[in-house]
Amino acid sequence: MLVETPLGAGQALFVIDYGMHQNTCWVIALVKDGVIKHFDCNDVILSANHTYGLNLMRNKEPRDNDMSKMTSKEK
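Predicted model, so just to flag it, every value in this text is computed and none were measured.

Asker: Quick question: what am I supposed to make of the sheet that holds strand β3 (residues 25-30) here?
Answerer: Paired through backbone hydrogen bonds, the strands of a sheet run either parallel or antiparallel to each other. Taking strand neighbours across the sheet as the criterion, the 5 strands line up as β4-β3-β2-β1-β5 in an open arrangement whose pairing is antiparallel. Each end of this open sheet is capped by a strand with a single partner; those strands are β4 (36-40) and β5 (45-46). As defined by bridge partners, strand β1 (residues 2-5) adjoins β5 across 2 bridges and the pair is classed as antiparallel. Note that in β5 the partner of V3 across the bridge is L46.

Asker: Would you explain the side chain of S47 in this entry?
Answerer: For S47, the position within the fold is in the loop between β5 and α1 (56-60). A polar atom in the side chain of S47 sits 3.3 Å from the backbone nitrogen of V3.

Asker: What is the right way to read the pairing of β4 from this model?
Answerer: A regular strand places its side chains on the two faces of the sheet in alternate fashion. Summarising the sheet, β3 and β4 pair through 5 bridges and their orientation is antiparallel. Looking across to β4, one finds that I28 is bridged to K37. The hairpin formed by β3 and β4 contains 5 residues between the paired strands, and G34 there has a positive phi angle of roughly 75°.

Asker: What is the right way to read the state of the cysteines from this model?
Answerer: Defined simply, a disulfide is a covalent bond joining two cysteines at their sulfur atoms. Applying the stated rule across the entire model yields 0 disulfides. C25 carries a free sulfur, and the closest cysteine sulfur to it, the one in C41, is 9.3 Å from it.

Asker: Would you take a moment to explain the environment of L56 for this structure?
Answerer: With respect to the secondary-structure elements, L56 resides in helix α1. Of the residues examined, L56 reaches a relative accessible area of 29% and is grouped as partly exposed. For the pair L56 and L46, spaced 10 residues apart in the sequence, the C-alpha separation amounts to 9.8 Å. Those residues in contact with L56, other than ones at most four positions away along the chain, are A48, N49 and H50.

Asker: Would you take a moment to explain the nonpolar core for this structure?
Answerer: A general tendency of soluble globular proteins is for nonpolar side chains to be buried together. Counting residues in hydrophobic clusters, the biggest one holds 7 residues: V3, A12, W26, I28, L30, F39 and V44. Here this core gets 3 residues from one element, more than from any other, and that element is β3. Discounting chain neighbours no more than four positions away, the residues touching F39 are T5, P6, L7, T24, C25, W26, I28, L30 and V44.

Asker: Help me understand the environment of D33, please; the structure alone is not making it clear to me.
Answerer: Take D33: it is sitting in the loop between β3 and β4. On the basis of relative accessibility, which here comes to 46%, the residue D33 falls in the partly exposed class. Sequence-wise, D33 and G10 are 23 residues apart; in three dimensions their C-alpha atoms are separated by 9.6 Å. Polar contacts involving the side chain of D33 include one to the main-chain amide nitrogen of V35, which spans 3.2 Å.

Criteria and cut-off values
- Residues numbered from 1 in each chain as written.
- Predicted model: local features only at pLDDT ≥ 70, side-chain atom pairs only at ≥ 80, totals over all residues.
- Heavy atoms only, no water.
- Pairing = 2+ DSSP bridges.
- Helix = DSSP H or I, 4+ residues; strand = E, 2+ residues; numbered from the N terminus.
- Polar contact = N/O pair within 3.5 Å; in protein donor to acceptor, adjacent residues only side chain to side chain.
- Disulfide = S-S within 2.5 Å.
- Buried < 20%, exposed > 50% of the residue type's maximum accessible area, 1.4 Å probe, protein only.
- Contact = heavy atoms within 4.5 Å.
- Core = buried A, V, L, I, M, F, W, Y, C linked by side-chain atoms within 4.5 Å.

So this is what it looks like as C-alpha cells:
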C-alpha cells in the first residue's frame, strides 16, 4: 500500500498493533532511499490512487493550515 508520511512517500510493509492502549505502528519503506522507518498511525495517509479513486481530494486540495501559501498579512 502506498502512503504519505512526514518523511515523504513510502510503501507500507506491515502494521504492528500493541493493543488498545497504544496507537498502531506502521512499518514503511521510504521511496526516496528505501530506508525502513516506523510511524505512528496518526502520521500515515493513504496516497492518492486514480485507478481505484482512493483519497483523490485530500491529496489534491491545499490544507487549511498550510502556512506556506499565506501572504505575510494573513500570517
